[in-house]
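# Close look at the chain arrangement
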Amino acid sequence: MSETSWTLKLETERLILRPQKSDDYQSWYAGFSGRLSQQYKYDEGQISLDGCDFDWFSNLCKRHQEQALSDYAYIFGVFCRQTHQHLGNVDISTIQREEKQWANLGYSIHNQYWRQGFGKEAVNAALVAGFENFGYHRIEAAINLDNHLSIALAESVGLQKECVRRGFYYENEQWVDHLIYVALPSDFGLVERPPAIAV
């Protein structure tokens, strides 16, 4: 990775995952503005884009670059290979490096593109990159106990249920429990490597 920009590009059969750039504004805006009404409890549905102009989006892309270059988070825009439509985002955020090499996984596909397998395809590619490109050993997803669609996606890509963490996230003015789903390199047939630690 360059010292001045993060440019990792992942390609699957139907998708391209890469950092968002200011040139993606129209595609990004179309993706969010084309969302359907809320489909279930954990779907944001339609959201206000007031204030989300080109300058705002350019600054968002800069913040994402800063987060990647500082190893805080790697945020991929998910794009259709054929149409270049913005389908959503997948992110991997560092929890702890050193002996743990531990990260959190997040994913969101615009609801007008659901039930086409885009989420599974994007998350699988991001997980492999997390192990192979970013050197994580453990990548986990924290999911609400009744978020059945997210649980189904996690299980479909090979994440394994590990535990319930009590009072793990503060949501809607209360601390709530979360299911923890975890992936290790060996789950994807990848080599388990020791952490790169300065001695």
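Summary of the structure given here. (Residues numbered from 1 in each chain as written. Predicted model: local features only at pLDDT ≥ 70, side-chain atom pairs only at ≥ 80, totals over all residues. Heavy atoms only, no water.)

### Remarks on helix α2 (residues 54-69)
Working note: α-helix, 3.6 residues per turn, so residues spaced by three or four point in the same direction. Keep this limit in mind: Numbering goes from the N terminus for both helices and strands, where a helix is a DSSP run of H or I of at least four residues and a strand is a run of E of at least two. Expected helix span is computed as 1.5 Å times (number of residues minus one). Throughout this description, buried means an accessible area under 20% of the type-specific maximum (1.4 Å probe, protein chains only), exposed means over 50%, and partly exposed covers the range between. Along the arc lie the directions from the helix axis toward the C-beta atoms.
Over its 16 residues, α2 extends 23 Å from the first C-alpha to the last, a length consistent with the 22 Å expected when each residue adds 1.5 Å. Those residues of α2 that sit buried are F57, S58, L60, C61, H64, Q65 and A68. Relative to the axis of α2, the buried residues are bounded by an arc of 155 degrees and lie together on one face. Seen from the buried face of α2, the exposed residues on the opposite side, beyond 90 degrees, are D55, K62 and E66.

### Considerations on the sheet that holds strand β8 (residues 174-183)
Strand pairing in a sheet takes place through backbone hydrogen bonds and is either antiparallel or parallel in direction. The condition is simple: Here a strand pair is declared whenever DSSP counts at least two bridges between the two strands.
Pairing is mixed across the open sheet formed by eight strands, whose spatial order is β1-β2-β3-β4-β5-β6-β8-β7. The open sheet is flanked by β1 (10-11) and β7 (160-171), the only strands paired with a single partner. The pairing of strand β2 (residues 15-18) with strand β3 (residues 73-80) spans four bridges and is classified as antiparallel. Bridged to I16 within β3 is F79.

### Some points on the pattern of salt bridges
Filter applied, for reference: Salt bridges are identified by distance alone: a Lys or Arg side-chain nitrogen within 4 Å of an Asp or Glu carboxyl oxygen.
Counted according to the given criterion, the structure contains ten salt bridges. The residue D146 makes a salt bridge to K41 at a minimum N-O spacing of 3.1 Å. Of the two residues, D146 is situated in the loop between β6 (138-144) and α4 (148-156) and K41 in the loop between α1 (25-33) and α2; the sequence distance between them amounts to 105 residues. K41 gets classed as exposed once you look at its relative accessible area, which sits at 59%. With a shortest N-O distance of 2.7 Å, R165 and E140 are connected by a salt bridge. Pair noted here: R165 is in strand β7 and E140 is in strand β6, with a separation of 25 residues, a long-range link. Judged by relative accessible area, E140 falls into the buried class, the value being 2%. Linked by salt bridges that have partners in common, R138, E140, E162 and R165 make up one network.

### Details of the layout of surface pockets
Selection rule: Here a cavity means grid points, on a 1 Å grid over the protein atoms only, where a 1.4 Å probe fits yet cannot get out; a pocket means an open set of points with protein on both sides within 12 Å along at least five of seven lines; lining residues are those with an atom within 4 Å of a point. Grid points are joined across faces, edges and corners, and a volume is the space filled by probe spheres set on the points. When residue character is reported, Ala, Val, Leu, Ile, Met, Phe, Trp, Tyr, Cys and Pro are called nonpolar, Asp, Glu, Lys and Arg charged, and the others, Gly included, polar.
Size it by volume and the largest pocket reaches roughly 1,200 Å³. Together, 38 residues line the largest pocket, and Y42, Y107, S108, N147 and S150 are the ones closest to its centre. Listing elements by their share of the lining of the largest pocket, those giving two or more residues are β4 (86-96), β5 (102-109), α3 (118-132), β6, α4 and β7. Ranked by residues supplied to the lining of the largest pocket, first place goes to β5 with six residues. Looking at the lining of the largest pocket residue by residue, the class counts come to 16 nonpolar, 15 polar and seven charged.

### A few points about the side chain of H178
Under the convention used in this document: Pairs of N or O atoms are called polar contacts if they sit within 3.5 Å, as long as, within protein, a hydrogen donor faces a hydrogen acceptor (for residues adjacent in sequence, only side-chain-to-side-chain pairs). Any two residues whose heavy atoms approach within 4.5 Å at even a single point are treated as in contact.
One can find H178 in strand β8. Among the polar contacts made by the side chain of H178, one reaches the side chain of E171 at a distance of 3.2 Å. The residues touching H178, leaving out its near neighbours within four places in the chain, are A142, I143, N144, L145, C163, V164, R165, F168, Y169 and E171.

### Points about the packing of aromatic side chains
Applicable threshold: To pair, rings of Phe, Tyr and Trp, with the six-membered ring standing in for Trp, must have centres within 6.5 Å; the planes then decide the type, stacked if under 30 degrees apart, edge-to-face if over 60, and tilted in the middle.
In the structure shown here, the tally under the stated rule is 17 aromatic pairs. Taken together, a centroid distance of 4.8 Å and an interplanar angle of 45 degrees make the contact between W28 and F32 tilted. Pair noted here: W28 and F32 are both in helix α1, with a separation of four residues, about one helical turn. No difference in accessibility class separates W28 from F32, as the two residues are buried.

### Remarks on the pairing of β4
Within a regular strand, the side chains alternate between the two sheet faces. Two elements, β3 and β4, share seven bridges in a ladder whose sense is antiparallel. Looking at the pairing, G77 lines up with N89 of β4. Linking β3 to β4, which pair antiparallel, is a turn of five residues; within it H84 sits at a positive phi near 65 degrees. In this sheet, β5 lies alongside β4 in antiparallel orientation, the contact comprising eight bridges. Within the sheet, the bridge partner assigned to N89 lies in β5 and is S108.

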